[in-house]
Amino acid sequence: MRIRTLLVLGLLALVAGCATAPRQTRNICAVFEQRDGLFTNWQRAAERAEKKYGVPVPILMATMYTESGFQPNARPPRTKLFGFIPWTRQSTAYGYSQALDGTWDHYQSATGNWAARRTNFSDAIDFIGWYHYQNGQITGIQLNDAYSLYLAYYSGPKGYMRGDWRSNAQLQKTAQKFANMAASYQQQLQSCN
């Protein structure tokens, strides 16, 4: 009876750990330390995506930090009907990567990863690497250019090439914060154990 109780508690702790964001998200070493389990090893998943697509781990992780704050079920806020009735959402963005429905469908089709879920860290970090790589191929952005990669991530490759972001001061400010976070993660990563 005692073993069964311990197994159930252990399983519940494992599931609960998967469903919440890490506590210290501004330090990449702390994020990886908090998610270094047997089934949920975020550092291994990020390194796999880097090796597969050539996008540095700090940029992958800064994307997730900026887009969802590492929240698996993140969604844009709902609009309000008549100023107070919750209505539709601003977009179909969802999960760790905030991938839109159509973009996620394209990723699944292009990679053959039909079982991928936006609420699964490994799938989401793979998507981020794939999407940055695709944007780099289309736009010519270098895969270590965090600022430009974020602009293309948010605007899409066509919007980036049209320069839609040039008239969006808030997006440029967010892209600069993103680039700063990626640089900070890069510096921290060198001191991780």
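Residues numbered from 1 in each chain as written. Predicted model: local features only at pLDDT ≥ 70, side-chain atom pairs only at ≥ 80, totals over all residues. Heavy atoms only, no water.

Explain the overall build of the protein here, please?
Within the protein one finds eight helices and two strands. Going from the N terminus to the C terminus, the protein shows its helices and strands as α-α-α-α-β-β-α-α-α-α. Sequence-distant contacts, at least 24 apart, represent 51% of the contacts inside the protein between residues at least 6 apart. Carbon and sulfur atoms provide 53% of the accessible area of the protein, an area that totals close to 11,200 Å². (Helix = DSSP H or I, 4+ residues; strand = E, 2+ residues; numbered from the N terminus. Contact = heavy atoms within 4.5 Å. Areas by Shrake-Rupley, 256 points an atom, 1.4 Å probe, with all protein chains shown as cover.)

Mind showing me how you'd approach the layout of surface pockets here?
Remark: the empty space left among the atoms is shown by a probe the size of a water molecule rolled over them. Estimated volume of the largest pocket: approximately 500 Å³. Lining the largest pocket are 20 residues, and of these E67, A93, Q98, Y153 and Y154 lie nearest its centre. Looking at the lining of the largest pocket, the elements that each hand over two or more residues are α4 (57–68), α6 (121–139), α7 (146–162) and α8 (169–189). Top element by residues in the lining of the largest pocket is α7. It accounts for five residues. The class makeup of the residues in the lining of the largest pocket is nine nonpolar, 10 polar and one charged. (1 Å grid on protein atoms, 1.4 Å probe; cavity = no way out; pocket = protein on both sides within 12 Å on 5 of 7 lines; lining within 4 Å. Points joined across faces, edges and corners; volume = space filled by probe spheres on them. Nonpolar A, V, L, I, M, F, W, Y, C, P; charged D, E, K, R; others polar.)

Looking at this model, I keep getting lost on unusual backbone geometry. Mind explaining?
As a rule of thumb, non-glycine residues mostly have phi less than zero, and peptide bonds are mostly trans rather than cis. One non-glycine residue, F70, adopts positive backbone phi at about 65°. Turning to its location among the elements, F70 is positioned in the loop between α4 and β1 (78–81). One non-glycine residue with positive phi stands out, namely Q98, at about 55°. Looking at the element boundaries, Q98 is found in the loop between β2 (85–89) and α5 (101–111).

For this particular structure, what's the right way to read the packing of helix α3 (residues 42–53) against α6?
The description of two helices packed together rests on the angle between their axes and the distance between the axes. α6 packs onto α3 with a crossing angle of 25° between their chain directions and a minimal axis gap of 9 Å. Classified by the angle their axes make, α3 and α6 are roughly parallel. For the crossing formed where α3 meets α6, the hand is right-handed. Contacts from W42, A45, A46, R48, A49, K52 and Y53 in α3 reach F121, S122, I125, D126, G129, W130 and Y133 in α6. Class assignment of the residues belonging to the contact of α3 with α6 gives a composition of nine nonpolar, two polar and three charged. (Axes fitted to C-alpha atoms, helices over the stretch in contact; angles between N-to-C directions. Parallel < 35°, antiparallel > 145°, perpendicular 65-115°, else oblique. Left-handed = near helix turned anticlockwise from the far one by under 90°.)

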